[in-house]
Amino acid sequence: MDVDTRLLRYFAAVAEEGNLTRAAERLFVSQPALTKQIRQLEALLDVRLFTRSRSGMALTEPGRALAAGVPGLLADWDRVRRETRSAASRAARVLRVGFLASAANELTPRITAAFRDRRPDWRVDMRQAPWSDPTAGLAAGDVDAALLRLPFPGQDALRTEVLLTEARWIVLPADHRLAGREEIPFRELWDEPFVAAPPETGPWRDYWLAVDAREGHPVRIGAVTENPDDWLTAIANGYGIALAPESAARFYPRPGIAYRPVTGVAPTRVGIAWPPAADTDPVVQEFVACCLDQRPPEPTSTG
């Protein structure tokens, strides 16, 4: 009998969290989908792995036995998979770099050009990920490094360096009642419907809804999207508004859309991220060095 490693990952998350909701957020899947996968694993093994109650998910005796062995098994598989994919990339001299939306803004072509100067026989394969995967493939081992918006779920398990910081702006339909303002306090937007990332992205979604800046005021969701095109379409059609990096006004201009500065929310940061296993990978580290070399200088204070 063969068991999909995905089922084991789902099991390990539920075992560690002791709660389906938290495990689903960590895995970026819906709770019903996670429940279905756990039941599938129990059917394959013909054992009951959890005792379900209102207080959470408690491991049974067979569940505890499986939980003891799964982390080592998954770690070995992850290592073998990374080494295999890395070997394939090395053979083709391709560095896989994940990214979301506008990546590192105007720094991106400068970073890749600097890397080509260092490694002229290598190619950077830029791979755009949907917002349902805030790690842009790093968590799954599909890329060697990624240009990401910080913070993101799972960040503590990866290496990160900040490249730039920029303000968050608000994106509105051009005919919105506030679109003519030069600047909008976030408090005035609390009751507006927002276009959001998928619920399974958890803290990532909350960050771009600025939940921490609402003083407990509930969020209204007008639409859920996974990529910039659908996001812009939802806003233009009046389904909601959204927070975005200031640079989105340059990278995603569109008729029927207005970008405005907003006060009362913290800025966002762009970073380069890579797995700890790549600390000794000279190619990945050269790409990281190129990213750091292209960082804009820190603003100097006057007075």
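See the structure above.
Asker: I'd like a rundown of the sheet that holds strand 13 (residues 268–274), residues and numbers included.
Answerer: Spatially, 5 strands are ordered 4-3-5-13-6 in an open sheet, and the strand pairing comes out mixed. Each end of this open sheet is capped by a strand with a single partner; those strands are strand 4 (123–128) and strand 6 (159–166). Going from strand to strand, the sheet's axes swing by 25 degrees on average, the running direction of each strand aside. Pairing geometry for strand 6 and strand 13, over 7 bridges, is antiparallel.

Asker: Describe the nonpolar core, naming the residues involved and giving the relevant values.
Answerer: Where a protein is soluble and globular, its nonpolar side chains tend to be buried together. Counting residues in hydrophobic clusters, the biggest one holds 48 residues, and the most contacted among them are Ile170, Phe186, Leu189, Trp231, Leu243 and Tyr259. In this view, tryptophan 231 contacts Trp131, Val171, Val195, Thr225, Ala242, Leu243, Ala244 and Tyr259; residues no more than four positions away in its chain are not counted. Core analysis: the next-biggest nonpolar cluster, separate from the first, contains 25 residues, Val97, Leu164, Ala278 and Val284 among them.

Asker: Describe the packing of helix 5 (residues 107–118) against helix 9 (residues 282–293), listing the residues and the values that go with them.
Answerer: The geometry of helix 5 relative to helix 9 is characterised by a closest axis approach of 9 Å and an angle of 130 degrees between their N-to-C directions. In terms of axis orientation, helix 5 runs oblique to helix 9. Crossing angle aside, the handedness with which helix 5 passes helix 9 is right-handed. Of helix 9, the residues touching helix 5 (which contributes Ile111, Ala114, Phe115 and Arg118) are Val283, Glu286, Phe287, Ala289, Cys290, Cys291 and Asp293. Here the residues of the contact of helix 5 with helix 9 sort into 8 nonpolar, no polar and 3 charged.

Asker: So, the packing of aromatic side chains: which residues are in play, and what are the values?
Answerer: If you walk through the whole model with that rule in mind, you get 6 aromatic pairs. Relative to phenylalanine 287, the ring of phenylalanine 115 has its centre 5.8 Å away and its plane inclined at 70 degrees; by these criteria the two rings are edge-to-face. On the criterion of sequence distance, the pair formed by phenylalanine 115 in helix 5 and phenylalanine 287 in helix 9 is long-range, its members being 172 residues apart. A single burial state applies to phenylalanine 115 and to phenylalanine 287, both of which are buried. Ring-pair connections join several aromatic residues into one group, and the members of that group are Trp204, Tyr207 and Trp208. It is arginine 168 that lies over the ring of tyrosine 207; its NZ or CZ is 4.0 Å from the centre. Positioned above the aromatic ring of tryptophan 208 is the side chain of arginine 168, whose terminal nitrogen or guanidinium carbon lies 5.8 Å from the ring centre.

Asker: Summarise the environment of tryptophan 231; cite the residues concerned and give the values.
Answerer: Within the secondary structure layout, tryptophan 231 lies in helix 7 (residues 228–236). It is 25 Å that separates the C-alpha atoms of tryptophan 231 and glycine 216, two residues lying 15 residues apart in sequence.

Asker: Report on the pairing of strand 11 (residues 242–245), specifying residues and quantitative values.
Answerer: Going residue by residue along strand 11, you find Ala242 and Ala244 tucked away on one face and Leu243 and Pro245 tucked away on the opposite face as well. Pairing geometry for strand 7 (residues 168–173) and strand 11, over 4 bridges, is antiparallel. Looking at the pairing, isoleucine 170 lines up with leucine 243 of strand 11.

What counts as what
Residues numbered from 1 in each chain as written. Predicted model: local features only at pLDDT ≥ 70, side-chain atom pairs only at ≥ 80, totals over all residues. Heavy atoms only, no water. Pairing = 2+ DSSP bridges. Helix = DSSP H or I, 4+ residues; strand = E, 2+ residues; numbered from the N terminus. Axes fitted to C-alpha atoms, helices over the stretch in contact; angles between N-to-C directions. Core = buried A, V, L, I, M, F, W, Y, C linked by side-chain atoms within 4.5 Å. Buried < 20%, exposed > 50% of the residue type's maximum accessible area, 1.4 Å probe, protein only. Contact = heavy atoms within 4.5 Å. Parallel < 35°, antiparallel > 145°, perpendicular 65-115°, else oblique. Left-handed = near helix turned anticlockwise from the far one by under 90°. Nonpolar A, V, L, I, M, F, W, Y, C, P; charged D, E, K, R; others polar. Phe/Tyr/Trp six-rings, centres within 6.5 Å; stacked < 30°, edge-to-face > 60°. Lys NZ or Arg CZ within 6 Å of the ring centre and 35° of its normal.

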